[in-house]
Amino acid sequence: MRVSENVSLRPYNTFGIDATARYFASLHSREQLETLLLDPKYATLPRIILGGGSNILLTKDFDGIVLKNDIKGIASIREDHDYIYVKAGAGENWHQFVQDCIAKGLGGLENLSLIPGNVGASPMQNIGAYGVEIKDVFHELEAFHLRDREIRLFDREACAFGYRESVFKHQYKEQFAILHVTYRLSKSRSSIPATAPLNRNWSAWA
Ligand SMILES: Cc1cc2nc3c(=O)[nH]c(=O)nc-3n(C[C@H](O)[C@H](O)[C@H](O)COP(=O)(O)OP(=O)(O)OC[C@H]3O[C@@H](n4cnc5c(N)ncnc54)[C@H](O)[C@@H]3O)c2cc1C
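Quick look at the structure, then. Computed from a predicted structure; not experimentally measured.

Thresholds applied
- Residues numbered from 1 in each chain as written.
- Predicted model: local features only at pLDDT ≥ 70, side-chain atom pairs only at ≥ 80, totals over all residues.
- Heavy atoms only, no water.
- Helix = DSSP H or I, 4+ residues; strand = E, 2+ residues; numbered from the N terminus.
- Rg over C-alpha atoms; globule rule 2.2 N^0.38 Å.
- Buried < 20%, exposed > 50% of the residue type's maximum accessible area, 1.4 Å probe, protein only.
- Lys, Arg positive; Asp, Glu negative; His and termini not counted.
- Charge placed at Lys NZ, Arg CZ, Asp CG, Glu CD.
- Phe/Tyr/Trp six-rings, centres within 6.5 Å; stacked < 30°, edge-to-face > 60°.

### Let's talk about the overall build of the protein
Move 1: Helices and strands together make up the secondary structure of the protein, namely three helices and eleven strands.
Move 2: N-terminal to C-terminal, the α/β element order of the protein is β-β-α-β-β-β-β-α-β-β-β-β-α-β.
Move 3: Here the C-alpha radius of gyration of the protein, 17 Å, is about what a compact globule of 206 residues would show, namely 17 Å.
Move 4: Taking all 206 residues of the protein together, 44% fall into the buried category.
Move 5: Across the protein, the 24 positively charged side chains and the 24 negatively charged ones have centroids separated by 3 Å.

### Some points on the packing of aromatic side chains
Move 1: Tallied over the entire structure, the rule returns eleven aromatic pairs.
Move 2: For the pair Phe97 and Tyr183, a centre-to-centre distance of 5.3 Å together with 40° between the ring planes defines the contact as tilted. One end of the pair, Phe97, is in helix α2 (residues 94-103); the other, Tyr183, is in strand β11 (residues 176-186), with 86 residues separating them in the sequence. A single burial state applies to Phe97 and to Tyr183, both of which are buried.
Move 3: Taking the centre distance of 4.9 Å and the plane angle of 65° together, the rings of Phe154 and Phe168 count as edge-to-face. With a gap of 14 residues between them, Phe154 in strand β10 (residues 150-155) and Phe168 in the loop between α3 (156-159) and β11 connect regions that are remote in the sequence.
Move 4: Its relative accessible area of 6% is what places Phe154 among the buried residues.

Here you go:
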């Protein structure tokens, strides 16, 4: 893992703001994150966990370390009569993940297509669109406590999801790095709720 100095964040936020981070690291595993947090050079610095950078507004240079969560991987981890449980790395692109699930015939995420960002941020604000929120298909997530340096599992109840809300925006604000998220997806495709406004082009996967 390489930690770079004085990195422009322009490619890492959708506003394209050219703020500079004093340090920047792309993290591909929990172990890399832990190693970095144990390094006295970086341990006490202010930090930002960055996903796809689509919901972050940089107003000035950042005199700390930006930890870009690039943990990848998608796998079905179990199955029951009606559902498949799909675990995805926080660094997976959200829309691509949704497309992959649709291509595999799995249902539940269709309405959340095209939302910018990465998997790891999806529970942060319980992303939603067209009558569906991720809480409807959420199973659990694995997060790393940045101070205690331990993994904790959160089920749906523990996340305290609300409208564009979760415990990670309040009680646990900036305390955890979300590493993986597991979704419970239906073996059959979902239909779009009849009451939802249809502004997007759904024909690509109808
Ligand atoms: C054009 C546009 C359309 C949008 N449409 C919708 C919509 O329809 N519905 C909706 O709900 N949202 C929508 N959003 C908001 C945005 O897509 C979501 O908030 C998305 O989840 C942000 O993901 P990200 O990876 O880009 O997060 P970032 O911008 O990188 O980060 C957002 C916040 O989450 C934190 N964070 C990110 N990843 C992690 C992690 N792994 N662990 C811990 N903290 C983390 C960051 O520190 C930051 O505080 C839209 C945004 C844009 C720009």
